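Architecture at a glance
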Amino acid sequence: MSAFDTPAAASAAGQHWNAQDYAIDAGFVPLLGGAVARLLDPRAGERILDLGCGDGVLTTELALSGARITGVDASPELVIAARARGVDAQVMDGHALAFDGQFDAVFSNAALHWMGNPDRVLEGVRRALRPGGRFVAEFGGHGNVASIVAAVQAARVAHGHGTSTFQWYFPTAEAYADRLRQHGFQVQLIETLPRPTPLPTGVAGWLRVFAAPLLDDLPAEIRATVRSAATTLLDDLPRNAQGQALADYVRLRVLARRR
Ligand code: BEZ
């Protein structure tokens, strides 16, 4: 049984997470959060909100600074895993952040692309920050995982199903900078970074843990068939020296301040 077949927890975009599968197939996600964590540069005593804290692996790294970190995530299962690591975490939808001026910084790694209404997210982020507080985030930028999405869509069509209408939120830097300004942020840094990303459990593992929103309109017995067909279509992805498939990740990295 995969993460998607468990009734455990619903999260953004209809995605279901299972903490054990997440640790195996997506354990690389927090490990690749070092650059955005350095951009955050947390300081002892600061109050920081980790938006989309997942299973809390990166949150505990941030807490080593002595900052007081609150994690929120839409997945109850991942919040349980984060709490088990000692994170002060709670279940909360990123579209409905219930904070008012209590944070020096809002941080987010690999989560904002799951939140389909960025205006509501930015309203909540702004409200959560004190004036002058910073918003530091990294998530999928325009073109992120385009070849994986294209392979899943092609596999659906090849098996007689139409393409999925689901889309993650992968904006261009220009579009996201405009949105930040509209929400009262001063944009200090915004950059798009192609980051070919080794998949430790291969394309099959990636599809198992992440691709549910592209497949969840299909009967359960068809999903595995389509995943397997998409995996075959992606056989020729480039590989690193260890032979791991490299996914075409594109990161959007942001540092903005609440005016
Ligand atoms: C990402 O981190 O870029 C990502 C992860 C899962 C699905 C889509 C994008």
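That block above? That's the structure.
The present account deals with the structure reproduced in this document. Throughout, a residue's number is its position along its own chain's written sequence, starting from 1. Predicted model: local features are reported for residues with pLDDT of at least 70 only, side-chain atom pairs are reported and counted for 80 or more only, and whole-chain, interface and lining totals are derived from all residues. Based on all heavy atoms of the structure, the side-chain values leave hydrogens and waters out of the count.

Description of the packing of helix H7 (residues 146-158) against helix H11 (residues 220-233)
Packed helix pairs are characterised by how far apart their axes lie and by the angle those axes make with each other. This is how it is decided: Between N-to-C directions, angles span 0 to 180 degrees; the directions come from axes that are lines fitted to C-alpha atoms, helices contributing only their stretch in contact. Runs of H or I in DSSP of at least four residues are treated as helices and runs of E of at least two as strands, each being numbered from the N terminus. Angles below 35 degrees are treated as roughly parallel, those above 145 as roughly antiparallel, those between 65 and 115 as roughly perpendicular, and all remaining angles as oblique. It is the rotation of the near helix from the far one that decides the hand of a crossing: anticlockwise by less than a right angle makes it left-handed, clockwise makes it right-handed. We call two residues in contact whenever any of their non-hydrogen atoms come within 4.5 Å of each other. Gly is placed with the polar residues, together with every amino acid not listed as nonpolar (Ala, Val, Leu, Ile, Met, Phe, Trp, Tyr, Cys and Pro) or charged (Asp, Glu, Lys and Arg).
The geometry of H7 relative to H11 is characterised by a closest axis approach of 8 Å and an angle of 125 degrees between their N-to-C directions. Regarding the angle of H7 to H11, the classification is oblique. When the axes of H7 and H11 are compared, the crossing they make is right-handed. The segment H7 lies against H11, with Ala151, Val152, Ala154, Ala155 and Arg156 engaging Val226, Ala229, Ala230 and Leu233. The residue inventory of the contact of H7 with H11, partitioned by class, reads eight nonpolar, no polar and one charged.

Overview of the site of the ligand
To keep things clear, this is the line we draw: Any residue with a heavy atom positioned within 4 Å of a molecule or strand is treated as near that molecule or strand. Polar contact is the term for a pair of N or O atoms within 3.5 Å; when the atoms are in protein, one must be able to donate a hydrogen and the other to accept it, and sequence-neighboring residues count only if both atoms are side-chain atoms. Methods summary: accessible areas were calculated by the Shrake-Rupley approach with a probe of 1.4 Å, and residue burial reflects only the protein chains presented. Using protein atoms alone on a 1 Å grid, points that fit a 1.4 Å probe yet trap it form a cavity, whereas open point sets bounded by protein on both sides within 12 Å along at least five of seven lines form a pocket; residues with an atom within 4 Å of a point count as lining. To be counted as sitting in a cavity or pocket, a molecule needs more than half of its atoms within 2 Å of that site's grid points.
All residues in the neighbourhood of the ligand are listed as His113, Trp114, Asn144, Trp168, Phe170, Trp206, Phe210, Tyr249 and Arg251. Asparagine 144 is positioned with one of its side-chain polar atoms (N or O) 2.7 Å from an oxygen atom of the ligand. In this structure, arginine 251 approaches the ligand through a side-chain N or O atom, which is 2.2 Å from an oxygen atom. For the ligand, whose free accessible area comes to 260 Å², the fraction covered by protein is 99%. If you map the ligand onto the pockets, it falls in the largest cavity. Mapped by element, the contributors of at least two residues to the shell around the ligand are helix H9 (202-210) and strand E7 (246-258). Residues belonging to the shell around the ligand are distributed by class as follows: six nonpolar, two polar and one charged.

Some points on the packing of helix H6 (residues 118-128) against helix H8 (residues 173-182)
Running from N to C, H6 and H8 point in directions that differ by 45 degrees, and their axes come no closer than 10 Å. Overall, the two elements H6 and H8 adopt an arrangement that is oblique. The two elements H6 and H8 meet at a crossing, and its hand is right-handed. Contacts from Pro118, Asp119 and Leu122 in H6 reach Tyr176, Arg179 and Leu180 in H8.

A look at the sheet that holds strand E1 (residues 47-51)
Going by this rule: Paired strands are those between which DSSP finds at least two bridges.
Strands sit in the order E3-E2-E1-E4-E5-E7-E6 across an open sheet of seven strands; the sheet is mixed. Two strands in the sheet have a free side with no partner beyond their single neighbour: strand E3 (88-91) and strand E6 (185-198). Direction aside, the axes of adjacent strands within the sheet are offset by 15 degrees on average. Inspection of the sheet shows strand E2 (residues 68-73) paired to E3 by four bridges, in the parallel sense. In the strand pairing of E3, valine 72 is matched with glutamine 90. Where helix H5 (residues 76-84) meets the sheet, its contacts fall on E2 and E3, and the angle it forms with E3 comes to roughly 170 degrees.

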